[in-house]
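Structural features, examined
The lines below spell out each chain.
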Amino acid sequence: MPDTLLVIEDERLLGAELCAGLAASGWDAVQAVDLAAAQRLLCERNLEPLVVLADMNLPDGNALDLLEQVRGRGIAGEWIFLTAYGGIPESVRALKLGAFDFLEKPCELERLQMVVAGAARSARAQRRLRDEARLRGDRYSPQAFIGHSPAALEVRDLLARLAQVPFSGLVITGETGTGKGLLARILHHSGPRAAGPLIEVNCAALPRDLMEAELFGHEAGAFTGAKGRRRGLIEQAHGGTLFLDELGELELDLQAKLLKAIEDRRIRRVGGERELEIDLQVIAATNQRIEQQVADGAFRADLYHRLAVFRLDVPTLRSRKQDLEDLLPVLIQEFNARSGHRVETIPAVVWGRLSAYDWPGNVRELRNLVERCVLLADGPVFPERWLHLDDATGAATGQPPGAVTEENRLCLPLDGSLSLDAMERTILSEVLLRNAENVSLTARVLGTTREKLRYRVQKYGLKVSD
Ligand SMILES: Nc1ncnc2c1ncn2[C@@H]1O[C@H](COP(=O)(O)OP(=O)(O)OP(=O)(O)O)[C@@H](O)[C@H]1O
Ligand SMILES: [Mg+2]
């Protein structure tokens, strides 16, 4: 479909000529002979032109007034002004309003086409960004947290309230897989900072020395290996939201530095002299153990209280099993769409088993189960065969289907029947088993720290001996 271009020109002949020239190069060119006509097209008929080519002085006023009005209504599109006597004061105002360019009349068609093409490129890029932001906004509205149980309603109600207030810190607690990450995204995208960046940091993902440079950035040569200057994640979150996932895993001295940065609203890059101002909101996610960590002195109380201005406790799936009725169809639809399958009916026996199950991995576990069942389904019926909900402790025991162990090897299926999480869980439980469930030994074998291993052991509900 050709893109629309609006020509606002009172000299009818010139306007018609411009329209014809632009139509020849693929535009759907529309002409308006005065501001009133242009305003009707833009504001009432939603013409949404990609580019507007406007004479500056029209019989019923100045085109800049219309541009100002249009921008005030959030109508996008690039504007190019044609002017015979475009004085400096007017061009300054035009630039402030975000005009794309000026052309002196008379203007050769070839030059005009070039400027119009540039404006179209710019307008398309802006349109794409806006569409994406709108899509994200829909995907991460409070409605994205699915469920009709009182607990889910309460979460959504709180989300809607929190989206209205410019909070500086917020802590989300909840078991693994309950939707803490999802809630952080909803809070960012439906709040006042939605137009700013959302920067996610997993505090368990990196060793301490890398983490500091990652968070605060560094200057060139700040330490061995620091080649160029690098903006840290905190700096990148300026104007938006910093999402600290697994907050409890942050090392104590970094906790102190982070607290200082939040209180002073300034940071200094590693090896840097200058202080940089930062303006951001912090959302932190953690499991409930953090209060125990604070009590034990393993987590700084001052940082915790600074962040926990607001708290959001996400309910477990087992405490709101009636939400399976909402979650299941949505998830089935999602994986149907991805796989081209058309699972439509859920047998009573499947419902029965799903509602009797305890869901230690919460919604993530449900999601993985639905993914597996939809991918492996042969027809429109949700297959009971692939549920693999073996016993009361649920996924916490046993090996997933397809995984085979022999001697010092573990073989995992790559046919889509196992999610990455399930693979990680399988690897961990296997290595733990081989090392008599000893955390230190297992951590050594896997080249990780005891803390990181403990975190994952808890996340997947695995058994350890000490
Ligand atoms: N109420 C819900 N409605 C829809 N999807 C949900 C809901 N809760 C969780 N999910 C989905 O479940 C999956 C797991 O959620 P998420 O990653 O946010 O959990 P988490 O609490 O951050 O877990 P972890 O502590 O392991 O990081 C995601 O795909 C998320 O979109
Ligand atoms: Mg998470």
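Residues numbered from 1 in each chain as written. Chains lettered and ligands numbered in written order. Predicted model: local features only at pLDDT ≥ 70, side-chain atom pairs only at ≥ 80, totals over all residues. Heavy atoms only, no water.

1. Looking at helix 5 (residues 109-139)
The following threshold applies: Segments assigned H or I by DSSP are reported as helices when at least four residues long, segments assigned E as strands when at least two residues long, and all are numbered from the N terminus. To estimate how far a helix should extend, the number of its residues minus one is multiplied by 1.5 Å. The buried label applies to any residue whose accessible area, calculated with a 1.4 Å probe on protein chains only, is under 20% of its type's maximum; exposed applies above 50%, and partly exposed to all values in between. Here a residue-residue contact requires only that any non-hydrogen atoms of the pair lie within 4.5 Å.
Compared with the 45 Å implied by 1.5 Å per residue over 31 residues, the 44 Å span of helix 5 between its first and last C-alpha is a close match. Buried residues of helix 5: Leu112, Val115, Val116, Gly118, Ala119, Ala120 and Ala123, and no others. At its buried positions, helix 5 is contacted by strand 1 (4-8), helix 1 (12-24), strand 3 (51-55), strand 6 (78-83) and strand 7 (101-104).

2. Regarding the packing of helix 2 (residues 35-44) against helix 3 (residues 63-72)
Put simply, the rule reads: Throughout, an axis means a line fitted to C-alpha atoms (over the contacting stretch in the case of helices), and angles, computed between N-to-C directions, take values from 0 to 180 degrees. Each angle is binned into one of four classes, with values under 35 degrees roughly parallel, values over 145 roughly antiparallel, values of 65 to 115 roughly perpendicular, and all other values oblique. Note on convention: the crossing is left-handed when the near helix lies turned anticlockwise from the far helix by less than a right angle, right-handed when the turn is clockwise. The residue classification treats Ala, Val, Leu, Ile, Met, Phe, Trp, Tyr, Cys and Pro as nonpolar and Asp, Glu, Lys and Arg as charged. All others, Gly included, are polar.
In the contact formed by helix 2 and helix 3, the axes pass within 11 Å of each other and the chain directions differ by 15°. Between helix 2 and helix 3, the interaxial angle falls into the category roughly parallel. The interaxial crossing formed by helix 2 with helix 3 has right-handed handedness. Note on element contacts: helix 3 touches helix 2 through Ala63, Leu66, Gln69 and Val70, opposite Leu35, Ala38, Gln39, Leu42 and Cys43. For the contact of helix 2 with helix 3, the residue count by class is seven nonpolar, two polar and no charged.

3. Topic: the domain arrangement of the chain
Inclusion rule: For the domain bounds, the source is a domain assignment made automatically or taken from a database.
Each assigned domain of the chain is listed here: domain 1 (4-136), domain 2 (145-313), domain 3 (316-397) and domain 4 (403-466). Relative placement of domain 1 and domain 4: their C-alpha centres are 61 Å apart.

4. So, the sheet that holds strand 1
Under the convention used in this document: Pairing between strands requires that DSSP locate at least two bridges from one strand to the other.
Read across the sheet, five strands follow the order 2-1-3-6-7 without closing on themselves; strand pairing throughout is parallel. Edge positions in the sheet fall to strand 2 (28-32) and strand 7, since each has one partner strand and no second. The sheet shows a mean angle of 20° between the axes of neighbouring strands, direction not considered. Its contacts with the sheet put helix 3 on strand 1, strand 3 and strand 6, and the angle it makes with strand 6 is roughly 175°. Across the face of the sheet, helix 5 comes into contact with strand 1, strand 3, strand 6 and strand 7 while running at roughly 155° to strand 6.

5. A word on the environment of Leu5
Assignment of secondary structure puts Leu5 in strand 1. Each C-alpha atom of the pair Leu5 and Arg364 lies 48 Å from the other, and the pair is 359 residues apart in sequence. Ignoring anything within four residues of it in the chain, the contact list for Leu5 reads Leu22, Trp27, Asp28, Ala29, Val30, Pro49, Val51 and Val116.

6. Structural notes on the pattern of salt bridges
Spelled out, the test is: A pairing counts as a salt bridge when a side-chain nitrogen of Lys or Arg comes within 4 Å of a carboxyl oxygen of Asp or Glu.
In the structure shown here, the tally under the stated rule is 33 salt bridges. When the shortest N-O distance is used, the salt bridge between Glu68 and Arg93 registers 2.8 Å. Residue Glu68 is located in helix 3, and its partner Arg93 is located in helix 4 (residues 88-96); the two are separated by 25 residues in the primary sequence. Across the pair Asp323 and Arg320 runs a salt bridge whose closest N-O atoms are separated by 2.6 Å.

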